[in-house]
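Geometric and topological summary
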Amino acid sequence: MRLGYLVDLDLCMGCKACEVACKSENEVPLNAWRLRVKYVDTGIYPEVKRNFTPMRCNQCESAPCERACPVSALHYLDNGIVDIDADRCIGCAACMQACPYGAIYMDPESNTADKCNYCAHRIEGGLEPACVVACPTGANIFGDLDDPNSVISRYIRENGDQTRVRKPEKGTKPKHFYVAGSDTHLDPTASRREPGVNLFNRIGTLDHIGGHH
Amino acid sequence: MDNAVVTLDVLHSGVIWGWFVTMNFWAKSIATGVVLLAPWMIRHPGMRLRIAVIAFIFLNITLLFTVLDLHQPLRFWHMFVYPQFRSVINLGAWVLTLYNVLLVVHIYLAHTKRDVEYDKLLYVTYPIAFLGTVYTAGLLGQANARETWHAATEAPQMLLAATLAGSAVFLILRSGSDEAAPWLTKVLGGSAAIALAIYLFEIYMAPQKSNEAGHVIHLLVDGELRSLFVGGLLLAFMVPLLVTLFTLRRPTPSTGVIASVSALVGLWMVKHAWLIAPQLVPLS
């Protein structure tokens, strides 16, 4: 079994229900995220468009975070999920430097690294991840990539070239796919981050990482 | 760019490895550099004890900052009871621990004037010092997110930083009497010249594979880290190089000290800029 994720960006409307559900389900502290929805505005008025991109851990098949962790706190589960043992983590942040997707954060309360694990506790109990359940448009599609009849496998087959992953050149073999994703959706260097108060919130940098000031 | 602007997002995590890690790199350059120069320096009287003590002090400064940088410093022992040997950080922890033990033995042997045993043990300590220097390049190489740290020249740069820092410390402490000064000055100047050439190659000639790497180089050369990085290059490499060239035939203690202090200050600045620049570029 290889659990994977796919987001159909044509269906995503940026409601952030997935983000809220994730925060609530996993008790993710303030200033940290396992799943976020990023808004990028493109074009010049009146020809403008807003892109929404949900981003979470890619559960890479060749996960650089797992290799870099000096104490095996990051490890694979049998279903392909890359999980983290918070009791073992020493907080060296090597995983944060290794992850090319910026998907790992330092929990400011436990001072250990943390990230999305596809709600491994829910999957173990036969439930779907919280973000999948919360999505009102069915944009989040989750399932077994090894099963050719799963919804995700069919979706990837049917969409062919329309299916992309983030930063394939990093060789991490992500198991998180996007349909209808443009460079603006998937490449952070394809958009500007202008520090300061923007349309919806402050675009800026955290004052500290985890409990370190 | 298709006039694309981020209008809603979480805060960027910013610099994860900051000046504590720079201190680690800097102090380790001295701790290993003095031993890498030991085969030449032990010919001078009184150097055996001095080499081992300098290396021991700076190695433990390295380890102190390494542990302090952990978000769970009291779990440092997990490195040894839950080792993951594909992680270069873990391998480095073992190498530096072994190095520490060897230095303690060296101090004992030097203190008890057992020079033959000291010199024999150097055959073991020397490769460990070498590994202790270059493993950091492997550590940076595992940071898959930071392309500029993956340069093939990273390991040679670590070695050059060690020989630069080692010779600088010897010159500042006026070690090995006046006899050693010309040779140490040449090591200092030579290390500075090669390191500078490699940095310039990396910046202006090495192919950058990604846009992210291009942003990092821009930050270092034209952006907000320009003063730190370019100032560091001047102090770490240009000043020692010029001092060496102008005093090649007759180095004086004072010019050697000036060049060495400049090299050590500049080395910290360059290493710090190189460390934090890639972390300022958002990954997602």
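Cut-offs applied
Residues numbered from 1 in each chain as written. Chains lettered and ligands numbered in written order. Predicted model: local features only at pLDDT ≥ 70, side-chain atom pairs only at ≥ 80, totals over all residues. Heavy atoms only, no water. Helix = DSSP H or I, 4+ residues; strand = E, 2+ residues; numbered from the N terminus. Buried < 20%, exposed > 50% of the residue type's maximum accessible area, 1.4 Å probe, protein only. Contact = heavy atoms within 4.5 Å. Areas by Shrake-Rupley, 256 points an atom, 1.4 Å probe, with all protein chains shown as cover. Lys, Arg positive; Asp, Glu negative; His and termini not counted. Charge placed at Lys NZ, Arg CZ, Asp CG, Glu CD. Pairing = 2+ DSSP bridges. Axes fitted to C-alpha atoms, helices over the stretch in contact; angles between N-to-C directions. Buried area = accessible area lost by both parts, 1.4 Å probe. Salt bridge = Lys/Arg side-chain N within 4 Å of Asp/Glu carboxyl O. Polar contact = N/O pair within 3.5 Å; in protein donor to acceptor, adjacent residues only side chain to side chain. Nonpolar A, V, L, I, M, F, W, Y, C, P; charged D, E, K, R; others polar. Parallel < 35°, antiparallel > 145°, perpendicular 65-115°, else oblique. Left-handed = near helix turned anticlockwise from the far one by under 90°. Phe/Tyr/Trp six-rings, centres within 6.5 Å; stacked < 30°, edge-to-face > 60°. pLDDT = per-residue confidence, 0-100. Core = buried A, V, L, I, M, F, W, Y, C linked by side-chain atoms within 4.5 Å.

1. Comments concerning the overall build of chain B
Counting its regular elements, chain B contains 11 helices and one strand. Taken from the N to the C terminus, the helices and strands of chain B come in the order β-α-α-α-α-α-α-α-α-α-α-α. For chain B, the C-alpha atoms occupy an extent of roughly 70 × 50 × 25 Å along the three principal directions. When burial is assessed residue by residue, chain B has 58% of its 284 residues classed as buried. Residue pairs in contact within chain B that sit at least 24 positions apart in sequence constitute 78% of those at least 6 positions apart. When the accessible surface of chain B is summed, it comes to about 12100 Å², and 69% of that surface belongs to carbon and sulfur atoms. A distance of 13 Å separates the average location of the 17 positive side-chain charges in chain B from that of its 14 negative side-chain charges.

2. Some thoughts on unusual backbone geometry
All names here are of chain A. The residue after Tyr45, namely Pro46, is reached through a cis peptide bond having omega 10°. If you trace the backbone, Pro46 turns up in the loop between strand 2 (36-44) and strand 3 (47-55). The backbone phi angle of Lys16 is positive, close to 70°, even though this residue is not glycine. Within the element layout of this structure, Lys16 appears in the loop between strand 1 (3-8) and helix 1 (17-26). One non-glycine residue, Lys167, lies in positive phi territory at about 45°. The residue Lys167 is located in the loop between strand 9 (163-164) and strand 10 (176-179) in this model.

3. Section: the sheet that holds strand 1 (residues 5-8) of chain B
Adjacent strands of a sheet pair through backbone hydrogen bonds, lying either parallel or antiparallel. Taken in spatial order, the three strands line up as 3(A)-2(A)-1(B) in an open sheet, and their pairing is antiparallel. Lying at the two open borders of the sheet, with one neighbouring strand each, are strand 3 of chain A together with strand 1 of chain B. Within the sheet, the average angular offset between the axes of one strand and its neighbour, ignoring direction, is 30°. Where strand 2 of chain A and strand 3 of chain A come together, nine bridges link them in antiparallel fashion. If you follow Ile44(A) over to strand 3 of chain A, its bridge partner there is Glu47(A).

4. Examining the interface of chain A and chain B
Where interface size is given, it is often the accessible area lost as the parts come together that is meant. Each partner contributes residues to the interface: chain A has 68 residues there, and chain B has 46 residues. At the boundary of chain A with chain B, total buried surface from both sides reaches about 5100 Å², with 53% on carbon and sulfur atoms. Summed over the shared surface of chain A and chain B, the result is four salt bridges. The salt bridge partner of Asp9(B) is Arg193(A), with a shortest N-O separation of 2.7 Å. There are 41 residue pairs in polar contact (both at pLDDT 80 or more) connecting chain A and chain B. Within the side of chain A that touches chain B, the residues separate by chemical class into 30 nonpolar, 21 polar and 17 charged.

5. Some words on the pairing of strand 10 of chain A
All names here are of chain A. Residues His176 and Tyr178 of strand 10 are buried on one face, and the alternating residues Phe177 and Val179, pointing to the opposite face, are buried as well. The pairing of strand 1 with strand 10 spans four bridges and is classified as parallel. The residue of strand 10 that forms the bridge with Leu6 is Phe177. Bridge analysis of strand 9 against strand 10 gives two bridges, and the strand direction is antiparallel. Its bridge partner being in strand 10, Thr163 is matched across the sheet by Val179.

6. Observations regarding the packing of helix 1 (residues 19-36) of chain B against helix 11 (residues 253-276) of chain B
Two measures define how a pair of helices packs: the angle their axes make with one another and the distance between the axes. Residues and elements named next belong to chain B. In the contact formed by helix 1 and helix 11, the axes pass within 9 Å of each other and the chain directions differ by 135°. Relative to helix 11, the element helix 1 is oriented oblique. The hand of the helix 1/helix 11 crossing is right-handed. Across the interface between the two elements, Trp19, Val21, Thr22, Met23, Phe25, Trp26, Ser29 and Ile30 from helix 1 touch Leu264, Leu267, Trp268, Lys271, His272 and Leu275 from helix 11.

7. A few points about the environment of Ile57(B)
Residues and elements named next belong to chain B. By the element assignment, Ile57 lies in helix 3 (residues 47-69). Ile57 sits in the partly exposed class, given a relative accessible area of 44%. Considered as a pair, Ile57 and Ala168 are 111 residues apart in the sequence and their alpha carbons are 16 Å apart.

8. What about the packing of aromatic side chains?
Taken as a whole and assessed by the stated rule, the structure comprises 18 aromatic pairs over all chains. Here Tyr39(A) and Phe52(A) contribute two aromatic rings whose centre-to-centre distance is 4.8 Å and whose plane-to-plane angle is 70°, an arrangement assigned as edge-to-face. Placement of the pair is Tyr39(A) in strand 2 and Phe52(A) in strand 3, with a sequence separation of 13 residues. You can call Phe52(A) buried: its relative accessible area is 18%. When the ring of Phe80(B) is compared with that of Trp94(B), the centres are 5.0 Å apart and the planes differ by 85°; the resulting orientation is edge-to-face. Here Trp94(B) lies in helix 5 (residues 88-111) and Phe80(B) lies in helix 4 (residues 78-81), a separation of 14 residues in the sequence.

9. Points about the environment of Tyr105(A)
Residue and element names in this part refer to chain A. By the secondary structure assignment, Tyr105 is in strand 6 (residues 105-106). Exposure remark for Tyr105: the relative accessible area of 7% places this residue in the buried category. Separated by 12 residues in sequence, Tyr105 and Ala93 place their C-alpha atoms 8.5 Å apart. Not counting chain neighbours up to four residues away, the residues in contact with Tyr105 comprise Val28, Pro29, Ala32, Trp33, Arg34, Met96, Thr112, Ala113, Asp114 and Lys115. In this structure the side chain of Tyr105 is engaged in a polar contact, spanning 3.5 Å, whose partner is the side chain of Arg34.

10. Structural notes on the confidence of the model for chain B
Chain-level statistics for chain B give a pLDDT mean of 94 and a share of 98% at 70 or above. Quick note on the complex model: pTM equals 0.94, ipTM equals 0.93.

11. Some thoughts on the nonpolar core
In this structure, Trp17(B), Val35(B), Ile51(B), Leu220(B), Phe229(B) and Phe237(B) are the most contacted members of the largest nonpolar core, which totals 137 residues. Setting aside its immediate chain neighbours within four residues, Ile51(B) contacts Val34(B), Val35(B), Ala38(B), Met41(B), Ile42(B), Tyr118(B) and Phe170(B). Counting residues in hydrophobic clusters, the runner-up holds nine residues, among them Leu6(A), Tyr155(A), Val179(A) and Ala180(A).

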